[in-house]
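Fold and geometry: a report
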Amino acid sequence: MDRTKNYLVRALEMSNSCVVVMKYTKDEPVTRTKLEYISENVKQLGMNLDSLKGGFRLPKDYIHPEDRNGFIDAVSIAAEKHTDFTYRVRLVGDDAVIRNVDVSSQYIDFDADYYLIEYIFHEIMVPKEDIAAERNRKDSATMIITKDVFRKDDLSEIFGIYANAYGLYSTVVDQDGHSLLPPVGPEAYLGHYYDMFERPENQEMFDSIKRSALMQDQPVYMELDDGNPDSRVSAVPLMVNGVHLATWMLCAHDKSQTAALRIASREQYRLAELVSGYIQRTVVSGRRNKREKEMEKLLEFEHQQKAVIMKLQDLIHGDSVDAVHVILQEAKNVLDIDYAFLMMRNSTSGSFGAVDDYVSYDGTMPKEINFEAFGEDERNRISEDGYVVDQKSMTNRIRVSVFQGFARAAIIYPIRVGGKSIGKLVFLETRRERIWTESEILFAEMISRMMSECISFRRGMGKNGSSGSDLLEVFHQLAIHIFVRDKESGKVLFSNSALNRQLGFDFVGQDSRRIIPDGKEEYESYPGTLLEKPVADRGIRKWRRYINEFSGIYDVTEIPVEWVDGTEAIAVLLRIAQD
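Just so it is clear, the structure is predicted and the values come from calculations on it, not from any experiment. (Residues numbered from 1 in each chain as written. Predicted model: local features only at pLDDT ≥ 70, side-chain atom pairs only at ≥ 80, totals over all residues. Heavy atoms only, no water.)

Some thoughts on a nonpolar patch on the surface
A cluster of nonpolar side chains, namely Leu214, Met215 and Met239, defines an oily patch on the protein surface of about 320 Å² accessible area. One can find methionine 215 in helix α6 (residues 200–215). (Patch = residues over 30% accessible without salt bridge, like charges linked within 9 Å, V, L, I, M, F, W, Y side chains within 5 Å. Areas by Shrake-Rupley, 256 points an atom, 1.4 Å probe, with all protein chains shown as cover. Salt bridge = Lys/Arg side-chain N within 4 Å of Asp/Glu carboxyl O. Helix = DSSP H or I, 4+ residues; strand = E, 2+ residues; numbered from the N terminus.)

Okay, structure coming up:
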């Protein structure tokens, strides 16, 4: 039929992709589903087409056990909201190859009783240079005592070579039965091992294997309760510094393999001891180097942060028209993220509108964030203290409902002016999994405060703005000299702390002509004038002159403002000339 033909055409047009359409009954759990259509090229992802068409397996059964429940939750949310989403999973083929796959869904509502969801499984191919870089990174990294040490290539080869020599299956699992190394062995049962201990009925069996392995100084040899009467397992614990990190299992699934397993298990315990000793010696010798490298990296990052903060200080209190954009760009570079952008509150509706300013890794505008999908507690946290989510805390509800499936990590801080939340500063990671460090979170918070200060400064210095107490407090903290004078009389309405210290007295109420005479004609004829640069924007004027009171050459910026009582005034900023 035409619809089926369309699915096939789309599958053939997409490299490393296949199309799956599932049928769901309304008002029923999404786990009650039926295969409606699947493209022939699912074989390239390691799926068995005959098993799927025959109803013996569903596509979700090929999703790695650690990713499966999350994917089902995402489908449930999408079905409830009638929204599309993209979700990354690991797909375990019958060939035991683990593939990283993006699953994109499209909701199709056909009638009142059922609906269809079309899934496009697209394999993410890792470039060879990235693989090489990752291997070099792992080789140069110093090993520490964690479960990850079992993923090192040399250890994987040791277990694999031993198992292949006897024609057996080998797998290494953590204390909960999750695979630490890809299983090796003959093809027939490889895919079986990714689900071995995920199923509740097998958990008791694994607990028994683990307890027995820890209690005796020889391999545990027992039947493997998987429905095959010839299945056997020989298991030994892998211990480092007295800590049980993992269990190494050799498995057999027919009579000839069982005979080989009895022989192989005799030396399995000794080999496990040698591997454990190797890990322990490597860890002890390398621990100091790793700690030193981590400290050097952290200090370098913090030095970079301080350099950027110092660079931005003058910018946010100056008159640069693109200060907000520059702050976003600098923050993006330091944090090495995909997007940094500002969202401002709509004064009429009270909701957060479109992106006000942004920078991105590819020049594209970030997708919309559905802040309303956050819970009330989460929204309050964002408005008050900020919100951080990454690989450790990202839930499928947040990933799909809030970020529409495109974000993997985010830091969101409020922008506050005059004690009120007027916007949000958002940092997003979309292309890789990420766990934020404490230093990165602190830097993001500092940038949000600088952004608030920058916006507060500009709103207060605008021609139609007002100089509230919050803005005056900002002025007092600045190192540059600032005063505000009545436009007509020249009387000083405000002077900041830096200027008062330079003068040795409070300048408020004095005649501003003591420092700079007013009137353009006087500027031009004043003996110390060096340069005049009028700026058309908002009546701002910038010029340079010698100031007798300070015995130095200063850059002067004059900005028309409206004082708190409605008086027309001029804000004067004085910076000592740098060139």
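Read on, since the account is not over.
Some points on the sheet that holds strand β6 (residues 169–173)
Strand order in the open sheet made by the four strands is β6-β9-β8-β7, with antiparallel pairing throughout. Two strands bound the open sheet, and with one partner strand each, they are β6 and β7 (220–223). The average undirected angle you get between the axes of adjacent strands in this sheet is 25°. Note that strand β8 (residues 232–240) and strand β9 (residues 243–252) share nine bridges and pair antiparallel. Following the sheet pairing, valine 233 is matched in β9 by cysteine 251. Packed on one face of the sheet, α6 meets β6, β7, β8 and β9 and runs near 55° to β8. (Pairing = 2+ DSSP bridges. Axes fitted to C-alpha atoms, helices over the stretch in contact; angles between N-to-C directions. Contact = heavy atoms within 4.5 Å.)

Thoughts on helix α9 (residues 376–384)
Residue pairs three or four apart in sequence face the same way in an α-helix, which turns once every 3.6 residues. Those residues of α9 that sit buried are Glu378, Ile382 and Ser383. Along the long axis of α9, the arc covered by the buried residues comes to 135°, so they all point the same way. Pointing more than 90 degrees away from the buried face of α9 are the exposed residues Glu376, Asp377 and Glu384. In this fold, the buried residues of α9 make contact with β12 (387–389), α10 (396–402), β13 (409–417) and β14 (420–429). Just beyond α9, the residue with positive phi is glycine 386, at close to 95°. (Buried < 20%, exposed > 50% of the residue type's maximum accessible area, 1.4 Å probe, protein only. Arc of directions from axis to C-beta.)

A few points about the packing of aromatic side chains
What the rule picks out here adds up to 16 aromatic pairs. Aromatic side chains phenylalanine 371 and phenylalanine 374 sit 6.3 Å apart centroid to centroid with 40° between the ring planes, which places their arrangement in the tilted category. Overall, phenylalanine 374 belongs to the buried group, its relative accessible area being 2%. Centre to centre, the rings of phenylalanine 374 and phenylalanine 403 are 6.4 Å apart; their planes meet at 85°, and the pair counts as edge-to-face. Here phenylalanine 374 is found in the loop between β11 (352–360) and α9, whereas its partner phenylalanine 403 is found in the loop between α10 and β13, with 29 residues between them in sequence. Relative accessible area serves as the criterion here: at 0%, phenylalanine 403 is assigned to the buried category. By the ring-pair criterion, three or more aromatic residues cluster together here, those being Phe371, Phe374, Tyr387, Phe403 and Phe406. Note that lysine 23 overlies the ring of tyrosine 114, its terminal NZ or CZ placed 4.2 Å from the centroid. Here the guanidinium or amino end of arginine 57 rests over the ring plane of tyrosine 62, the centre of that ring lying 4.0 Å away. (Phe/Tyr/Trp six-rings, centres within 6.5 Å; stacked < 30°, edge-to-face > 60°. Lys NZ or Arg CZ within 6 Å of the ring centre and 35° of its normal.)

Section: unusual backbone geometry
Excluding glycine, residues mostly carry a negative phi; peptide bonds, for their part, are mostly trans. Of note in the backbone geometry, aspartate 336 takes a positive phi value of approximately 55° without being a glycine. Looking at the secondary structure, you find aspartate 336 in the loop between α8 (323–335) and β10 (339–345).

Here's the deal with the side chain of histidine 253
Looking at the secondary structure, you find histidine 253 in the loop between β9 and α7 (255–316). One polar contact links histidine 253 to serine 231, side chain to side chain, over a distance of 2.8 Å. Setting aside its immediate chain neighbours within four residues, histidine 253 contacts Tyr169, Tyr189, His192, Tyr193, Leu224, Asp226, Asn228, Asp230 and Ser231. (Polar contact = N/O pair within 3.5 Å; in protein donor to acceptor, adjacent residues only side chain to side chain.)

Topic: the pattern of salt bridges
According to the stated counting rule, one finds 21 salt bridges in the structure shown. Two residues, arginine 57 and aspartate 94, come together in a salt bridge whose shortest N-O distance is 3.1 Å. You can see arginine 57 sitting in the loop between α2 (49–53) and α3 (65–81) and its partner aspartate 94 sitting in the loop between β3 (85–92) and β4 (98–109), a full 37 residues away along the chain. Exposure remark for aspartate 94: the relative accessible area of 31% places this residue in the partly exposed category. Between lysine 255 and aspartate 230 there is a salt bridge; the shortest N-O distance is 3.3 Å.

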